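# Remarks on the overall topology
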Number of protein chains: 2
Amino acid sequence: MATSLPRGFRSHVANIGMKDSTDDFTLVVADTKCAAAGVFTQSRFAGPSVVVSRAHLSDGTARALVVISKNANVANGPQGLADAHEVVEGIAAAIGCKPNDVLIASTGVIGRPYPMDRIRAGLATIPKSIVGTDAEAIARGIMTTDTIHKIAQATVTGSTARIVGVAKGVGMIEPNMATLITMMFTDAKIEPAELDSIFRRVMDLTFNCVSIDTDTSTSDTAVILASGAAGNVDGAAFEAALHDVALSLTKQVARDGEGAETLIEVTVDMARDGEQAKRVAKSIVNSPLVKTAVHGADPNWGRVAMAVGKCNDTDIDQSKVVIRFGEQEVYPRQVDAAGLERLSAYMRGDDVVIHVSLNNGNASATVWGCDLTDGYVRINADYTT
Amino acid sequence: MATSLPRGFRSHVANIGMKDSTDDFTLVVADTKCAAAGVFTQSRFAGPSVVVSRAHLSDGTARALVVISKNANVANGPQGLADAHEVVEGIAAAIGCKPNDVLIASTGVIGRPYPMDRIRAGLATIPKSIVGTDAEAIARGIMTTDTIHKIAQATVTGSTARIVGVAKGVGMIEPNMATLITMMFTDAKIEPAELDSIFRRVMDLTFNCVSIDTDTSTSDTAVILASGAAGNVDGAAFEAALHDVALSLTKQVARDGEGAETLIEVTVDMARDGEQAKRVAKSIVNSPLVKTAVHGADPNWGRVAMAVGKCNDTDIDQSKVVIRFGEQEVYPRQVDAAGLERLSAYMRGDDVVIHVSLNNGNASATVWGCDLTDGYVRINADYTT
């Protein structure tokens, strides 16, 4: 039973031959101009798609969103920007709107110009009447090396409004204010300014808390479009539903990290402030030694102590820190041989939860990541060749 | 032809059964109390060995240095500190000096108490007359999972003074103010205050610029002892010779990183300041996507652009950045198919040099690291089991 788009949106998903025969051209069109918000990579090598979409979102509205996968169109100089504008203008002409109501996202290899002949041919095949409503096709159309498509939905309590989100991304993932590519669609009616502030809060607690490999992409793009077809909703209920969708997508992204076999969730609590909690949690979830220990179910919990220790805040005191895996305390309580056995068995599960209390304040943060495997090395040692 | 210690030092290297039959107990004794300096990990989980050595170095002198390998004695609570004091007191009694003239370093697994019965038996076997002068034996005695021992030496220009340094460390290596364990010995005569400032400057340009895996150890210790037996030396000549020794050891550490097959050297120049240059260079050398691309000789230079871009300083401008591999410019100059072939061939070498100019100022920095391989994952997925 395929997930459909919320009311007010239609889609066209196709293969235009970017790399192979899988879908690589994804267009979502709203029936009318709608409220829109987005957050983007902070990279200083941000691509033209990010530059164009950021500008086109400045008025808080949009009509269409196109995603080209298998080529990021990044680091291609002035030609890259000209190509992005040409794509957006082509979409605008095909669906009958202004170019600045079209958003664009791209993902794939860096430093290769768009094959514009193939893209022009693809633009020419956009049907006059766009009728697709299958959100799963959208989730698949934006994939690159993802092994599964990522999709989530929720209904806003007290209304008939739905939120449907899709995401892609398996590597070059430690988003900073955004993620590789995620798109969310809702038929809730919500003003652009409120949509923007809700979206940023939710992204900060979800996609900005995931890291596959510490590498922030040049193409990170997260957008939401609200068609309004379901009428008004309660703001708090909408935020809660959006959080559910974004959290589900975040975990799907972490679990499908390149080569990943285990989802790692790290919570740091009783920290001085949220910034400290998140920084310590990221230090743990990004440590290659923690990630490989989880991969091998090696009960080497000392590596978590190491990862806490390298956050050298003077108010982190090893005599106050408590470290747990799941429900099992491993520090400061000494772990005996039976305890190491139990810990190793726990680490063989699909999910490993690491919990650190700094006993230093009241703030907390949770982040997500994955184990580091031979598969990660193999995938990335021969990506372009 | 084995490298010998400089004049004024003797050593005793033995196996005391910490884990297997390889040497794991290394003691270096100066004929008389000598000038000494050290830098240590900034980790908040620093071990008792670091705590004790830092305190014992506060007067700028030392008589002896003991290294126990295969067990880090970290995160063992008050017992760990008591055990470290017992070792130091045992050494002091054996050689006839005060405990606070003895330095100690430990390296190995975290969170396992010292096997004190075996260590006490080892202390009892220290000979009355210590006569060893083989520095290679010292370099081997401090190894854990190192595949080769690391040693370097230099002569101070204009004198007969020598500097001999040894180091160990293959993982949990992104030193912050120190490195896993490195020890340098010289017969130059040099005052403690001058020795300390020279040592810190040299460490900042060498060991503090290496990263195997972004993980800062709890046990990092770098010390130098100067016996004075060769008389006075020129300070600048001494600093130059010390830099040669430390740089050689730094590169030996990078090349022997866990699972490493390729040494990566990254220079960032024309940066706003040294901090920015080093931060961008570290971002490149630590990127798992850059490290795996080097491993696979995948000419995916766009990952270097990504790693520069994620340092989101507003004064990094992609239109001014120049990226080179060896002598080959890959950005902004477009790389054609023949250029990608040439780049891949270059990346199959033992050393890969990445050079980035920010065109943003006059500062520069060079850092060292290694590729990320299946071997790294295998080594670390089953370290303790």
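Residues numbered from 1 in each chain as written. Chains lettered and ligands numbered in written order. Predicted model: local features only at pLDDT ≥ 70, side-chain atom pairs only at ≥ 80, totals over all residues. Heavy atoms only, no water.

## Some points on the overall build of chain A
- Within chain A, the secondary structure is distributed over 11 helices and 13 strands.
- What you see for chain A is a C-alpha radius of gyration of 22 Å, in line with the 21 Å of a compact globule of 385 residues.
- Counting only C-alpha atoms and orienting by the principal axes, one finds that chain A spans roughly 70 × 50 × 40 Å.
- The buried share of chain A, taken over its 385 residues, is 64%.
- The long-range fraction of contacts in chain A, counting pairs at least 24 apart against all pairs at least 6 apart in sequence, stands at 80%.
- When the accessible surface of chain A is summed, it comes to about 13,300 Å², and 51% of that surface belongs to carbon and sulfur atoms.
- In chain A, 35 side chains carry a positive charge and 45 a negative one; their mean positions are 3 Å apart. (Helix = DSSP H or I, 4+ residues; strand = E, 2+ residues; numbered from the N terminus. Rg over C-alpha atoms; globule rule 2.2 N^0.38 Å. Buried < 20%, exposed > 50% of the residue type's maximum accessible area, 1.4 Å probe, protein only. Contact = heavy atoms within 4.5 Å. Areas by Shrake-Rupley, 256 points an atom, 1.4 Å probe, with all protein chains shown as cover. Lys, Arg positive; Asp, Glu negative; His and termini not counted. Charge placed at Lys NZ, Arg CZ, Asp CG, Glu CD.)

## Concerning the interface of chain A and chain B
- Facing the 60 residues of chain A at the interface are 60 residues of chain B.
- A buried area of about 4,800 Å², summed over both sides, lies between chain A and chain B, and 56% of it is on carbon and sulfur atoms.
- Put simply, chain A and chain B have 0 salt bridges between them.
- The tally of links between chain A and chain B comes to 15 residue pairs in polar contact (both at pLDDT 80 or more).
- Those elements giving two or more residues to the side of chain A that touches chain B turn out to be α8 (288–295), α9 (302–309) and α11 (374–381) of chain A.
- Tallied by class, residues from the side of chain A that touches chain B come to 25 nonpolar, 23 polar and 12 charged. (Buried area = accessible area lost by both parts, 1.4 Å probe. Salt bridge = Lys/Arg side-chain N within 4 Å of Asp/Glu carboxyl O. Polar contact = N/O pair within 3.5 Å; in protein donor to acceptor, adjacent residues only side chain to side chain. Nonpolar A, V, L, I, M, F, W, Y, C, P; charged D, E, K, R; others polar.)

## What to know about the relation of the copies chain A and chain B
- Under the fitted operation, chain A is carried onto chain B by 0.0 Å of movement along the axis and a turn of 180 degrees, and the coordinates agree to an RMSD of 0.0 Å. Given the turn and translation reported, the copies of this chain are related as if by a two-fold rotation axis. Of the C-alpha atoms belonging to chain A, the one lying closest to the rotation axis is found on A:D374, 2.5 Å away.
- With an isologous cut-off of 70% or more, the 100% of interface residues of chain A that recur at the interface of chain B puts this contact in the isologous class. (Least-squares fit on C-alpha atoms with pLDDT ≥ 70 in both.)

## Some thoughts on helix α7 (residues 274–286) of chain B
- Compared with an ideal rise of 1.5 Å per residue, which puts 13 residues at 18 Å, α7(B) spans 18 Å between its outermost C-alpha atoms and is within 8% of the ideal.
- Residues of α7(B) that are buried make contact with β9 (263–271), α8 (288–296), α9 (302–309), β12 (351–357) and β13 (363–370) of chain B. (Expected span 1.5 Å × (residues − 1).)

## Describing the sheet that holds β13(B)
Residue and element names in this part refer to chain B.
- Taken in spatial order, the 5 strands of this open sheet run β11-β10-β12-β9-β13, and their pairing is mixed. Among the strands making up the open sheet, the edge pair consists of β11 (328–331) and β13. Averaged over all pairs of adjacent strands, the angle between their axes in this sheet comes to 20 degrees, without regard to strand direction.
- As judged from the 4 bridges shared by strand β10 (residues 322–325) and β12, these two strands associate in the antiparallel manner. Among the inter-strand pairings, F325 is bridged to a residue of β12, identified as I354. (Pairing = 2+ DSSP bridges. Axes fitted to C-alpha atoms, helices over the stretch in contact; angles between N-to-C directions.)

## Some remarks on the environment of B:V67
Residue and element names in this part refer to chain B.
- Relative to the helices and strands, V67 is located in strand β3 (residues 61–71).
- Remark: the alpha-carbon pair of V67 and R118, spanning 51 residues in sequence, is separated by 15 Å.
- Excluding its chain neighbours within four sequence positions, the residues that come into contact with V67 are D24, F25, T26, A105, I142, I181 and M183.

## Focus on the sheet that holds strand β13 (residues 363–370) of chain A
All names here are of chain A.
- A sheet is described by the order of its strands in space; here 5 strands give the open sequence β11-β10-β12-β9-β13, paired in mixed fashion. Edge strands, defined here as strands with exactly one partner in the open sheet, are β11 (328–331) and β13. Here the strands of the sheet are splayed against their neighbours by 20 degrees on average, with no regard to which way each runs.

## Thoughts on the environment of B:D215
Residues and elements named next belong to chain B.
- Topologically, D215 is positioned in the loop between α5 (192–205) and β8 (221–226).
- Look at D215 and you get buried, because its relative accessible area is 0%.
- Residues D215 and G171, spaced 44 residues apart in sequence, show a C-alpha to C-alpha distance of 7.7 Å.

## Notes on the pairing of β8(B)
All names here are of chain B.
- With 6 of 6 residues buried, β8 is to be regarded as a mostly interior element.
- What you see with β8 is no split at all: T221, V223 and L225 on one side and A222, I224 and A226 on the other are buried throughout.
- Here strand β7 (residues 181–186) pairs with β8 via 6 bridges, running parallel. Paired with M183 across the strands is V223, a residue of β8.
- Once the chain exits β7 it traverses α5 before rejoining the sheet at β8, and the crossover so formed is right-handed. (Right-handed = clockwise from strand over helix to strand, strands pointing away.)

## Brief notes about the pattern of salt bridges
Residues and elements named next belong to chain A.
- All told, the structure shown has 30 salt bridges over all chains when counted by the stated rule.
- Of the charged contacts in the structure, one is a salt bridge between E86 and R120, with a shortest N-O distance of 2.5 Å. You can see E86 sitting in helix α2 (residues 77–95) and its partner R120 sitting in helix α3 (residues 116–124), a full 34 residues away along the chain.
- Judged by its relative accessible area of 43%, R120 is partly exposed.

## Things to note about the pairing of β11(A)
Residues and elements named next belong to chain A.
- Two elements, strand β10 (residues 322–325) and β11, share 3 bridges in a ladder whose sense is antiparallel. Across the sheet, residue I323 finds its bridge partner in β11, namely Y331.
- Counting the residues between successive antiparallel strands, the hairpin from β10 to β11 contains 2 residues, one of them, G326, with a positive phi of roughly 55 degrees.

## So, the environment of A:G90
All names here are of chain A.
- Its location among the elements puts G90 in helix α2.
- By relative accessible area, G90 is classed as partly exposed at 23%.
- A sequence separation of 33 residues divides G90 from L123, and the C-alpha atoms of the two residues are 6.4 Å apart.

## Focus: the packing of helix α1 (residues 48–56) of chain B against helix α2 (residues 77–95) of chain B
Residue and element names in this part refer to chain B.
- Put simply, α1 and α2 touch, their axes get as near as 8 Å, and they point 50 degrees apart. Taken together, the axes of α1 and α2 are oblique relative to one another. Crossing of α1 against α2: the hand is right-handed. Mapping the contact onto sequence places P48, V51, V52 and H56 in α1 and G80, L81, A84, H85 and V88 in α2.
- Looking at the contact of α1 with α2 residue by residue, the classes come out as 6 nonpolar, 3 polar and no charged. (Parallel < 35°, antiparallel > 145°, perpendicular 65-115°, else oblique. Left-handed = near helix turned anticlockwise from the far one by under 90°.)

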